2 protein chains.
Amino acid sequence: MRIASVLLPDAGSVRVGRVVDDVVHVLDASDSVLDLLRAGTLLEAGADALSARAVPLDSVRLLAPLQPPTVRDFVTFEEHVEGMRQLAGVPDAWYAAPAFYFSNPYATLGPADDVPMPPGSAVLDFELEVAAVIGRGGRDLTPEQGTAAIAGFTIMNDWSARDLQAAEMQVGLGPAKGKDTATTLGPWLVTADEFTDLDLALEARVDGRVVGTDRLSNMAWTFGDLVAYASRGTEVRPGDVLGSGTCGHGGCLGELWGRGASHDELPPLRPGSVVSLSVEGIGTLTSRVVPGVAPTPIPPASRRGSKASLLSPSDSNDAFLPPERAHR
Amino acid sequence: MRIASVLLPDAGSVRVGRVVDDVVHVLDASDSVLDLLRAGTLLEAGADALSARAVPLDSVRLLAPLQPPTVRDFVTFEEHVEGMRQLAGVPDAWYAAPAFYFSNPYATLGPADDVPMPPGSAVLDFELEVAAVIGRGGRDLTPEQGTAAIAGFTIMNDWSARDLQAAEMQVGLGPAKGKDTATTLGPWLVTADEFTDLDLALEARVDGRVVGTDRLSNMAWTFGDLVAYASRGTEVRPGDVLGSGTCGHGGCLGELWGRGASHDELPPLRPGSVVSLSVEGIGTLTSRVVPGVAPTPIPPASRRGSKASLLSPSDSNDAFLPPERAHR
């Protein structure tokens, strides 16, 4: 079943709806998708929804299917890594375990939301991913338990400010500001029972032109593996989002730039650009880029020398430091 | 004022308390510190607490002062970066902006919690940091607004599995699993009004032996700058934690190993190790390392070749790909 979060035109209230063809059956209760996941009653609510009032799908505004408590974004498509790192190659460590980073959950946007240019960025990119949404939390799960923990799937556009990302990743952290302004989820959550396998066709279009096509089965690990790895030594909780990572074969402009496409041929996204991501069995997520705000300035780094005199004179850890560092 | 989250011995209930010397005044209401921050009533509740019943501090179990919705960890001490990257040096990008990553909010532990060895790690380290806790949320804040947004400060031990971290950072993401099992906060939140400046003495001890001493004023940016940068193009929200990054001059073992201390001289933490972090004006956060669980295995990466036949035969983005990639 297709579960959406909808803003109703009448009262401006947000409700959970079940999408069937071109109508949405709207639940009366004000519980959010996240509330239903936490209560373990999403499927039950979805079944009940069929007897709830139906409104035309095009009369409501679709919001992100949920506001996730956390967003983990993985990197599971070898072709994406290869394209993004043309000179460096795919590091051995990539094959050892499904690497991920935590992304900003406050950046979550829905299918009807325009995407502002991130402050200070001139090189915006999209990333075509599929996101798994956790239904049942757990700790130190096996891959089988990880698969069973997934409530459903949605499309994820992991908007990427490549210029900000390149700068911060020189420090070896993140990315953070490179991914901080927008992550679009939608158009709805399709419950896991709808899929017999996950060999789904993926397609990305920019301004109507196809730039990427891949299949979800090219992930190097299953979503169950990702959930297991995410929960190792910690927890996954209901509503957590786990992104597949960007698919290959043009799942973002960065991969194609890495393989030699020029910015003239394939320009970075700019205000007015329209990106459509389609995933077989889920739907299409279309977003428009709009102007953003200028960065609010912060001062440059204070260099250490200016404050050395503030150090305590009794540095009792000098035994561990080389002579030029001790007794400063 | 010192605001703590306490587990009461009688009913096992969790309450907000105000610590005054060796007693804690316990609020009757069940609102958490996070609830009070969101309501904007933390200072009011803290003032009211003085007329609430007092129990001996040593009769309660101190929990993490709050369960933060998000944890951003910065890297603002130049000496730490220099020590951790002996060969590589401090990258220019480090000086350009305060780099950070999002860490796992589910890893939050309190001052009474033992710290399990992360699954699969044999090289555990501590990191001595000070964390700012957001009181008032906002978007695109100035540094001045960022300073005003801070409700208070607590001590943060950013436990780091150096072996896991080194592996995943070769992929250029995170760290994630290297920091996933434990981040200790405590012993309480000291409200921002208690500090006339933040030139605070910092000290780290392992098994009673001083290994690190620095001053918080050696941060290259102020916490207000960090909040401003964090909110650029997005939001900070009440309860968000922003870590200063590890202080220099032995704020973690990794810095000292980077400067030449051997594992024989300064061994990685192991079950039984006791780490005490002291911050002037806040207090001391002492944690004991205990054994953890073995990693639940996940399968190795599926190599791409095995699935190439699943690709759609009509790759309409071939125009952007070099010939050897097109028409696969």
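Residues numbered from 1 in each chain as written. Chains lettered and ligands numbered in written order. Predicted model: local features only at pLDDT ≥ 70, side-chain atom pairs only at ≥ 80, totals over all residues. Heavy atoms only, no water.

## Quick look at the overall build of chain A
Phase 1: In terms of helices and strands, chain A carries 8 helices and 21 strands.
Phase 2: In terms of overall dimensions, chain A is globule-like: its C-alpha atoms have a radius of gyration of 22 Å, near the 20 Å expected for 328 residues.
Phase 3: Reported as C-alpha extents along the three principal axes, the dimensions of chain A are approximately 75 × 50 × 40 Å.
Phase 4: Here chain A holds 328 residues, and the buried ones make up 62% of them.
Phase 5: Here the contacts in chain A between residues at least 6 apart in sequence split such that 76% fall between residues at least 24 apart.
Phase 6: Entry remark: accessible area of chain A is about 11,800 Å², with carbon and sulfur atoms responsible for 54%.
Phase 7: Charged side chains in chain A number 26 positive and 42 negative. The centres of these two groups are separated by 7 Å. (Helix = DSSP H or I, 4+ residues; strand = E, 2+ residues; numbered from the N terminus. Rg over C-alpha atoms; globule rule 2.2 N^0.38 Å. Buried < 20%, exposed > 50% of the residue type's maximum accessible area, 1.4 Å probe, protein only. Contact = heavy atoms within 4.5 Å. Areas by Shrake-Rupley, 256 points an atom, 1.4 Å probe, with all protein chains shown as cover. Lys, Arg positive; Asp, Glu negative; His and termini not counted. Charge placed at Lys NZ, Arg CZ, Asp CG, Glu CD.)

## Some thoughts on the sheet that holds strand β9 (residues 115–116) of chain B
Residues and elements named next belong to chain B.
Phase 1: Taken together, the 5 strands give an open sheet; going across it, the order is β9-β21-β20-β16-β17, and neighbouring strands pair in mixed fashion. Every interior strand has two partners, whereas the edge strands, β9 and β17 (209–215), have only one.
Phase 2: Alignment of strand β20 (residues 274–279) against strand β21 (residues 283–290), held across 6 bridges, turns out to be antiparallel. Bridge pairing in β21 places V274 opposite R288. (Pairing = 2+ DSSP bridges.)

## Comments concerning the sheet that holds strand β21 (residues 283–290) of chain A
Phase 1: Taken together, 5 strands build an open sheet; the order of strands is β9-β21-β20-β16-β17 (chain A) and the sheet is mixed. At either margin of the open sheet sits one strand with a lone partner, and together these are β9 (115–116) and β17 (209–215) of chain A.

## Overview of the relation of the copies chain A and chain B
Phase 1: The transformation that overlays chain A on chain B combines an axial shift of 0.0 Å with a rotation of 180°, and the residual RMSD is 0.0 Å. Taken together, the rotation and translation relating the two chain copies correspond to the operation of a two-fold axis.
Phase 2: Both copies present the same face, since 100% of the interface residues in chain A are matched by interface residues at the equivalent positions in chain B. (Least-squares fit on C-alpha atoms with pLDDT ≥ 70 in both.)

## Quick look at the side chain of A:S244
All names here are of chain A.
Phase 1: Position of S244 relative to the elements: it lies in the loop between β19 (241–243) and α8 (253–258).
Phase 2: With relative accessibility at 1%, the residue S244 sits in the buried group.
Phase 3: Not counting chain neighbours up to four residues away, the residues in contact with S244 comprise D73, F74, V75, T76, F77, E129, V130, L216, M219 and F223.

## Comments concerning the confidence of the model for chain A
In low-pLDDT regions, the fine details of the predicted coordinates are not to be read closely.
Phase 1: When pLDDT is averaged along chain A, the result is 93, and 92% of the positions lie at 70 or above.
Phase 2: Within the model, the stretch residues 306–315 of chain A combines pLDDT values under 50 with 16 contacts to residues more than four positions away or in other chains. (pLDDT = per-residue confidence, 0-100.)

## With respect to the interface of chain A and chain B
One frequent convention defines the size of an interface as the accessible area lost when the parts assemble.
Phase 1: Of the residues lining the interface, 94 residues belong to chain A; the matching set on chain B comes to 94 residues.
Phase 2: When chain A packs against chain B, the two sides together hide about 8,400 Å² of surface, and 57% of this comes from carbon and sulfur.
Phase 3: Where chain A touches chain B, the interface holds 0 salt bridges.
Phase 4: In this structure, the connection of chain A to chain B is made through 21 residue pairs in polar contact (both at pLDDT 80 or more).
Phase 5: Elements supplying a minimum of two residues to the side of chain A that touches chain B: α3 (78–84), α4 (92–96), β7 (100–103), α6 (162–169), β17 and α7 (223–231) of chain A. (Buried area = accessible area lost by both parts, 1.4 Å probe. Salt bridge = Lys/Arg side-chain N within 4 Å of Asp/Glu carboxyl O. Polar contact = N/O pair within 3.5 Å; in protein donor to acceptor, adjacent residues only side chain to side chain.)

## Regarding the domain arrangement of chain A
Residues and elements named next belong to chain A.
Phase 1: The domains assigned to chain A are domain 1 (2–62) and domain 2 (71–290).
Phase 2: The centre of domain 1, based on its C-alpha atoms, is set 26 Å off from the matching centre of domain 2.
Phase 3: Taken together, the contact between domain 1 and domain 2 spans 13 residues of the former and 17 residues of the latter.
Phase 4: The largest contributions to the domain 1 side of the interface with domain 2 come from R2, L37 and L62, which together make up 51% of the buried area.
Phase 5: Counting every contact that joins domain 1 to domain 2 gives 1 salt bridge.
Phase 6: Measuring nitrogen to oxygen at the nearest pair gives 2.9 Å for the salt bridge that ties R61 to D113.
Phase 7: Viewed at the interface, domain 2 and domain 1 are joined by 3 residue pairs in polar contact (both at pLDDT 80 or more).
Phase 8: Of the residues forming the side of domain 1 that touches domain 2, the biggest block, 4 residues, is contributed by helix α1 (residues 33–39).
Phase 9: Along the lines of polarity and charge, the residues of the side of domain 1 that touches domain 2 split into 10 nonpolar, no polar and 3 charged. (Domains from an automatic or database assignment. Nonpolar A, V, L, I, M, F, W, Y, C, P; charged D, E, K, R; others polar.)

## Here we look at the UniProt feature "domain: Fumarylacetoacetase-like C-terminal" (unreviewed entry) in chain A
Phase 1: If you check UniProt for "domain: Fumarylacetoacetase-like C-terminal" (unreviewed entry), the listed places come out as residues 71–290 of chain A in our numbering.
Phase 2: Within the segment residues 71–290 of chain A, helix and strand shares are 19% and 34% respectively, and the terminal C-alpha atoms sit 24 Å apart. (UniProt positions renumbered as here; feature names shortened; annotations may be inferred.)

## Looking at the environment of A:V33
Phase 1: Mapping A:V33 onto the fold places it in helix α1.
Phase 2: Considering only alpha carbons, one finds A:V33 and A:L189, 156 residues apart in sequence, at a separation of 9.4 Å.

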